Amino acid sequence: MPFARTALVLSVSFMAATSAAQSPRDSIPATARARFDSAVFAWARGDYPTALAGLERLLTSAVADRVLQPVALLTGELYRTLPVAADGAAPRWSADGRFAAFTTNGGRVTHIVGVEGDTVRAVASIPGVLLVFSPTADRIAYLAIDETPALRAARAVADSLMRAQEFGQLQRQRLEVARLEQEAARVLVRDLTSGATGEMQAPDFAKRALLIGKDGTVYVVGGPRSDRARTDIYAVSASAPPRAVSSGPGIKSNPVLTADDSHLVYSLGGDSIVVREVASGTARTFAGTSAALSADGKTLAFLSRGGGDFAINVLAIGEGEPRVVKRSSRPIASPMPSPDGQRIAYVTMLREDWELFVVGRDGQGDARLSREIQHDGMPRWLSDNRVLALKGEPRHRRSYMYDVATGEATRLHHNNTVRTVAPEYEWAVSPDGTKILIVADRDGDTISPERGVFVLDLTRTYSRADVLARIRASAGAEADLRARGRRMFARVDTAVRAAVRDISINRIYEYERALFQFDSKYITKPGNRLAIEYIANTLRSFGYEPELQWFEPRPGVRTANVIATLRGRVSPDLVYVISSHFDSVEDGPGSDDNTSGTTALLDVARVLARRPQAATIKFAWFTGEEAGLLGSREFVRRAVASKDKIVGALNNDMVGWANDERLDNTIRYSNAGIRDLQHAAAFLFTDLITYDAKYYRNTDAHAYYEVYGDIVGGIGSYPILGNPHYHQVHDVLETINHRLVTEVSRTTAASIMLMASSPARPAGLELVRQDGPGVAISWAAAQERDHGRYVVQVNPPGNVAPRTITVTAPRAVLTGIVPGSEIAVRAVNRRGLQSWDAARLTIPRAEAASTP
């Protein structure tokens, strides 16, 4: 689900009066509410120019201060967000909140920073793993990994498996690497003030976790190298051998000390919790999982099972027996005590999605906080009255803050733009609950290995000037996008509109209903072959002669891609591909994943069957995506063997689920030209509202990228997915928004018509010569048979206006070029259509240039 969809959910809540709380909209004077509502409804239908103009007028009016909060939430973030690092993972805080830490280099280096206002101060970079702070934050303990020949060899194997995308073997190899690292690790302790570092004695066991007590004792979780079925918790020092603190068989893990160091709480195996008194060594064991301590260290909450029921247990540390405060036949997860231990936040699955609740430690006052059909999970307390919880599918969640007293929910992290999503991955709350470290792709680039670290400050909100600047920047970007989109489609507008009108919601529903009857379409299920036959027969009814690409991905398993070809009128040797996988997971019918994409593509094939474009279009229904991108890789393998000139591709996956009235989805792209083209296709010819994220890994689009590079776009609900039916048996037809599928089909038809009518991106652009401000460039001749000319645009650095020249040969000599300028080249055909993306290069400084 696109991130910005949740902005609408919040905005609609502004208009609904509730007895529980005063919503942000309620603070708006009655005279201004109609203007605010008009802007909100324009936003809801994707009319961003109208919405942003209305919001700007409100923020420059006499009611600006009263509308600031709801406008900030609609357009992005309310609370100030400060970049901490361009790349990082595993965020955490010191116990006193003075320092934050995060890791890089795959967790092998930990960086410690001080965050003060808008300043991030580097404190130390530690070459080690599993770093922990002492309670007073004056010392740290960490593991230093000694590189052994066996460890280097194991890492090399893991790297090769990653490159080959052998994910099953990769997971096992990573476990082997982790084991070797644990055995090679040394325990070091460092004084952050003096920098003095010492080694603790712990030579003879594998180290898995660290902990520092209030009295300075360093604890290590580890086990004998010869016995992987047992670990213990040891107190270690620089001068004495390790002393076992725990005893008995089994794996001990997740140790936590109470605030006064009096008790040690840890998990035993996968089904027990141990509370051990440190001074006496007395231990009490309880059947349960998911143990969590309150911030004051006095209250422990954990889950247990009995008689088919789930139960939340609360134990006062050092006193009596646990008390059951919540029992239910429905699944319960993640019990978390408030800082004072008086409330327990938890999630329960009411029907198909997890919802957030809070109950008193006395079992009273059970209250529901979340009410939306997306998974809500992983609660953690910001204060005794505010809870941070996460929304969405586990790989790409978003953060919300809930007021326990009023029930009001506030979206937190975003990126303050209209179109680009911002997936979040990790969160750490400061000890005082006023700041949150968040690891996220704030620029929407999920492909880069770097993930930014940000700190969100709940004590400071964005000012009116900040939000006005945000709105004006978004309005300018939107105006530019729409102007470029109109120019892109101007010469094919009439033809595209005629084709898009023919896309039929009724036909799409008939395709969906037929495919749904086949149940699971996984490669080993009967429904897979039935789907192949249905798609092929349907294509024949459109006038195609489909190709069935049969292959055996596993011994005894035979399956096929289904391919339909629409031969180009002008340059038939150039190929564009539109694809979707038709298979589903093994235990579900896959109505959204991916009957929705399959049926959207079927109607594009029907409508274009008698509308051939300049280049050839291949419609591809891939098999085996859920078994590891099998069909798409087979398709690409055959295309390479046949020397097909694939110059652009679209791939749609999961396009049919909506949790509200908004018809929205995400453009998942590797190519920015396709991204902008698909935005334009959506707002010019359909009612689809589109966002974007650079995303293709582990999808069928990745198979194209591996061979042909960044030629891929497409539409799907990732990377922000809110569908609770994802990969479940209840991904059924009733959960599909058929109009949403239809609008995606229309956007896809418009997109591929422009791509296959336009020249492809020029190839081989290079700097031939640089002589001061003069440069010579060349590129490969356009492959289209109706080629006319080339447009060369020079984009100087800074805010200098670009300049453009036109040439007929694939070369140009440019004068007055400033170092750092970007050169963009597009081909133009005889109809005046330009390449849907430009070839680009940046002019280096003269002294760095090579002259032939």
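Residues numbered from 1 in each chain as written. Predicted model: local features only at pLDDT ≥ 70, side-chain atom pairs only at ≥ 80, totals over all residues. Heavy atoms only, no water.

### Some points on the pattern of salt bridges
Okay, so step 1: Under the defined criterion, the tally for this structure stands at 40 salt bridges.
Okay, so step 2: Glu355 serves as the salt-bridge partner of Arg368, at 3.4 Å between the closest nitrogen and oxygen. Here the residue Arg368 occupies a position in strand S25 (residues 367-368), and Glu355 occupies one in strand S24 (residues 354-360), the gap between them amounting to 13 residues.
Okay, so step 3: Using a relative accessible area of 2% as the deciding quantity, one classes Glu355 as buried.
Okay, so step 4: The partner of Asp573 in a salt bridge is Lys645, and the shortest N-O contact between them spans 3.7 Å. (Salt bridge = Lys/Arg side-chain N within 4 Å of Asp/Glu carboxyl O. Helix = DSSP H or I, 4+ residues; strand = E, 2+ residues; numbered from the N terminus. Buried < 20%, exposed > 50% of the residue type's maximum accessible area, 1.4 Å probe, protein only.)

### Considerations on the sheet that holds strand S28 (residues 398-403)
Okay, so step 1: The strand order across the open sheet formed by 4 strands is S26-S27-S28-S29, and the pairing between neighbours is antiparallel. The open sheet has two edge strands, strand S26 (376-381) and strand S29 (409-411), and neither has a second partner. Pairwise comparison of adjacent strand axes, ignoring direction, gives a mean angle of 30 degrees for this sheet.
Okay, so step 2: Pairing geometry for S28 and S29, over 3 bridges, is antiparallel. Among the inter-strand pairings, Tyr402 is bridged to a residue of S29, identified as Ala409. (Pairing = 2+ DSSP bridges. Axes fitted to C-alpha atoms, helices over the stretch in contact; angles between N-to-C directions.)

### A word on the sheet that holds strand S32 (residues 452-461)
Strands pair in a sheet through their backbones, by hydrogen bonds, and they do so in one of two ways: parallel or antiparallel.
Okay, so step 1: On the basis of which strands lie adjacent, the open sheet formed by 4 strands has the order S1-S32-S31-S30 and antiparallel pairing. The open sheet has two edge strands with one neighbour each: strand S1 (79-85) and strand S30 (424-429). Direction aside, the axes of adjacent strands within the sheet are offset by 25 degrees on average.
Okay, so step 2: Here 5 bridges tie S30 to strand S31 (residues 435-440), and the two strands are oriented antiparallel to one another. Pairing of Glu426 across the sheet is with Val439, part of S31.

### Section: the pairing of strand S20 (residues 309-316)
Okay, so step 1: Across the 8 residues that make up S20, a large majority, 7, are buried.
Okay, so step 2: Bridge count between strand S19 (residues 299-306) and S20: 8 bridges; the pairing is antiparallel. Across the sheet, the residue bridging to Arg305 is Phe310, located in S20.
Okay, so step 3: Connecting S19 to the antiparallel partner S20 that follows it, the hairpin turn spans 2 residues, and Gly307 within it adopts a positive phi of roughly 60 degrees.
Okay, so step 4: In this structure, S20 lies alongside strand S21 (residues 323-328), joined through 5 bridges in antiparallel fashion. Counterpart to Asn313 in the pairing with S21 is Val324.
Okay, so step 5: Taking the residues between adjacent antiparallel strands as the criterion, S20 and S21 are bridged by 6 residues, where Gly318 takes a positive phi near 80 degrees.

### Some details on the pairing of strand S23 (residues 343-349)
Okay, so step 1: Where burial is concerned, most of S23 is hidden: 5 out of the 7 residues are buried.
Okay, so step 2: Two strands pair when backbone bridges link them, and strand S22 (residues 332-337) and S23 are joined in this way by 4 bridges, in the antiparallel orientation. If you follow Met336 over to S23, its bridge partner there is Ala345.
Okay, so step 3: As judged from the 7 bridges shared by S23 and S24, these two strands associate in the antiparallel manner. Its bridge partner lying in S24, Tyr346 is registered against Phe357.
Okay, so step 4: Between the antiparallel neighbours S23 and S24 lie 4 residues.

### Quick look at the confidence of the model for the chain
Okay, so step 1: Confidence in the prediction for the chain averages 92 pLDDT; 96% of positions are at 70 or higher.
Okay, so step 2: The model gives residues 1-22 a pLDDT under 50, and that stretch makes 68 contacts with residues more than four places away or in other chains. (pLDDT = per-residue confidence, 0-100. Contact = heavy atoms within 4.5 Å.)

### Brief notes about the nonpolar core
Okay, so step 1: Judged by nonpolar contacts, the single largest core of 60 residues is most densely connected at Phe489, Leu539, Tyr544, Tyr576, Leu608, Phe619 and Trp621.
Okay, so step 2: For this core, the leading source of residues is helix H15 (residues 738-757), giving 8 residues.
Okay, so step 3: With 44 residues, the next largest nonpolar core counts Ala32, Phe36, Leu74 and Leu78 among its residues. (Core = buried A, V, L, I, M, F, W, Y, C linked by side-chain atoms within 4.5 Å.)

### Some points on helix H4 (residues 64-75)
Okay, so step 1: Here H4 lies mainly inside the structure; 9 of its 12 residues are buried.
Okay, so step 2: When H4 is considered as a whole, its buried residues turn out to be Ala64, Val67, Leu68, Pro70, Val71, Ala72, Leu73, Leu74 and Thr75.

### Some points on the packing of helix H8 (residues 493-502) against H15
Okay, so step 1: With their axes 9 Å apart at the nearest point, H8 and H15 run at an angle of 150 degrees to one another. Looking at the two axes, H8 sits roughly antiparallel to H15. Note that H8 runs across H15; the crossing there is right-handed. Counting all contacts with H8, which are made through Ala495, Val496, Ala499 and Val500, the residues of H15 involved are Arg746, Ala750 and Met753.
Okay, so step 2: Partitioning the contact of H8 with H15 into residue classes produces 6 nonpolar, no polar and 1 charged. (Parallel < 35°, antiparallel > 145°, perpendicular 65-115°, else oblique. Left-handed = near helix turned anticlockwise from the far one by under 90°. Nonpolar A, V, L, I, M, F, W, Y, C, P; charged D, E, K, R; others polar.)

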